[in-house]
Amino acid sequence: GDALCKDCFFWAFEEEIHQVITDGHLFSAGDSVAIGASGGKDSTVLAYTLKLLNERYNYGLQLFLLSVDEGITGYRDDSLETVKRNQHQYELPLTIVSYEDLYGWSMDSIVKQVGLKNNCTFCGVFRRQALDRGAIKVGATKIVTGHNADDVAETVIMNGELLLLQTSGYSFCLPHIWIFCLFLQHIIARLRRCTAITTGAEGYLPRCKPFKYTYEKEIVMYAYFKKLDYFSTECIYSPNAYRLCQTYIKDLEKHPTRSHGVVR
Ligand code: SF4
């Protein structure tokens, strides 16, 4: 709600990220950090601010750009061109891992087989693994992603929606209430995991979200006023449900504390 000039906005934005990083103990000196880079606004701003803060506050991090090529013609091939330019602009080494090389399937071929219904489920599982494998390949000790407050709120709402869908139409007897409580416990544990600032199951690299408390709107403004080079087209296989959810979150944001409430 503060009225800030451009320079003060830049400073406030960067200092808030620094605060999140230090309060959340996201890094230790000597960490090798792979930045999940898609060429979109979030990861571009993340790469830019992390490099800047690493130099300003002497974090002692070694930073890399790590991109996943899902094999989506007309979307990822174009966005990867942006990451390749970012590599030179920010002087950060870039590694690209592809679904085709890792699994023998591209998203284009998966969608041809399964259609547009479960494509994001396959893609999400593949991407998670691909990022891990890529990060291990470059010797990273941590992965950072550009997930922002809107993304986290979206995950919470989509999971809540799932809960409603799975329980709607039930008339509950006692054993059903017991099962429902177990299910609720499971969902709450899942939500807790996906809203944590650092996640990572045993055997996986820790993943951090320095933008967990940053609104998408602020990231767009930062990228725009800093004239950063990013790619803004949406995935051609993006499902409608996400768009509806995004509209809902934009509505929540009209009252600024609400979407932060969902994230916390
Ligand atoms: Fe993959 Fe596109 Fe779905 Fe994102 S929207 S998970 S890139 S298929």
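Everything quoted here is computed from the prediction, not taken from an experiment.

Tracing the sequence through the fold places Ser-79 in helix 3 (residues 76-89). At 2.9 Å, the side chain of Ser-79 and the side chain of Arg-76 are in polar contact. In contact with Ser-79, not counting residues within four places along its chain, are Ser-38, Gly-39 and Phe-231.

A few words now on the pattern of salt bridges. All told, the structure shown has twelve salt bridges when counted by the stated rule. Put simply, Glu-14, Glu-15, Arg-56 and Lys-226 are held in one network by salt bridges that share partners.

Close contact between helix 1 (residues 6-23) and helix 9 (residues 216-225) brings their axes to 11 Å; oriented N to C, the two are set at 125°. With respect to their mutual orientation, helix 1 and helix 9 come out oblique. In terms of crossing hand, the pair formed by helix 1 and helix 9 is left-handed. On helix 9, the residues touching Lys-6, Phe-9, Phe-10, Phe-13, Glu-14 and Glu-16 of helix 1 are Glu-218, Ile-219, Met-221, Tyr-222 and Phe-225. Of the residues assigned to the contact of helix 1 with helix 9, the class counts are seven nonpolar, no polar and four charged.

Further remarks concern the pairing of strand 3 (residues 94-98). Across the five residues that make up strand 3, a large majority, four, are buried. Sheet analysis places strand 2 (residues 62-69) next to strand 3, joined by five bridges and oriented parallel. From the neighbouring strand, Leu-65 faces strand 3, where its bridge partner is Leu-94. One crossover worth recording links strand 2 to the parallel strand 3 by way of helix 3, and it is right-handed.

The topology assignment puts His-18 in helix 1. Beyond its immediate sequence surroundings of up to four residues, His-18 is in contact with Leu-53, Tyr-57 and Tyr-59.

Quick look at the UniProt feature "binding site: ATP" (unreviewed entry) in the chain now. Here the UniProt-annotated "binding site: ATP" (unreviewed entry) positions come out as Gly-36, Ala-37, Ser-38, Asp-42, Val-68, Gly-146 and Asp-151. Positionally, Ala-37 belongs in the loop between strand 1 (32-36) and helix 2 (41-56). For Ala-37, a relative accessible area of 10% translates into the label buried. Excluding its chain neighbours within four sequence positions, the residues that come into contact with Ala-37 are Ser-43, Leu-65, Leu-66, Ser-67 and Val-83. You can see Asp-42 is positioned in helix 2.

Let us look at the site of the ligand. Contacts to the ligand come from Ile-72, Asn-119, Cys-120, Cys-123, Arg-127, Cys-235, Tyr-237 and Ser-238. Class assignment for the residues of the shell around the ligand results in five nonpolar, two polar and one charged.

Bringing the packing of aromatic side chains into the picture now. Tallied over the entire structure, the rule returns 15 aromatic pairs. Taken together, a centroid distance of 5.5 Å and an interplanar angle of 80° make the contact between Phe-10 and Tyr-222 edge-to-face. Taken together, the residues Phe-10 in helix 1 and Tyr-222 in helix 9 connect sequence positions 212 residues apart. One aromatic cluster in this structure is built from Phe-9, Phe-10, Phe-13, Tyr-48, Tyr-90, Phe-211 and Tyr-222. Here the basic side chain of Lys-226 rests over the ring of Phe-10, its NZ or CZ set 4.3 Å away from the ring centre.

Let us look at unusual backbone geometry. In this model, Glu-91 sits at a positive phi of 50°, which is unusual for a non-glycine residue. Take Glu-91: it is sitting in the loop between helix 3 and strand 3. Under the relative-accessibility criterion, Glu-91 is labelled exposed at 64%. Phi at Lys-227 is positive, roughly 55°, even though this residue is not glycine.

Cut-offs used in this document
Residues numbered from 1 in each chain as written. Predicted model: local features only at pLDDT ≥ 70, side-chain atom pairs only at ≥ 80, totals over all residues. Heavy atoms only, no water. Helix = DSSP H or I, 4+ residues; strand = E, 2+ residues; numbered from the N terminus. Polar contact = N/O pair within 3.5 Å; in protein donor to acceptor, adjacent residues only side chain to side chain. Contact = heavy atoms within 4.5 Å. Salt bridge = Lys/Arg side-chain N within 4 Å of Asp/Glu carboxyl O. Axes fitted to C-alpha atoms, helices over the stretch in contact; angles between N-to-C directions. Parallel < 35°, antiparallel > 145°, perpendicular 65-115°, else oblique. Left-handed = near helix turned anticlockwise from the far one by under 90°. Nonpolar A, V, L, I, M, F, W, Y, C, P; charged D, E, K, R; others polar. Buried < 20%, exposed > 50% of the residue type's maximum accessible area, 1.4 Å probe, protein only. Pairing = 2+ DSSP bridges. Right-handed = clockwise from strand over helix to strand, strands pointing away. UniProt positions renumbered as here; feature names shortened; annotations may be inferred. Near = heavy atom within 4 Å. Phe/Tyr/Trp six-rings, centres within 6.5 Å; stacked < 30°, edge-to-face > 60°. Lys NZ or Arg CZ within 6 Å of the ring centre and 35° of its normal.

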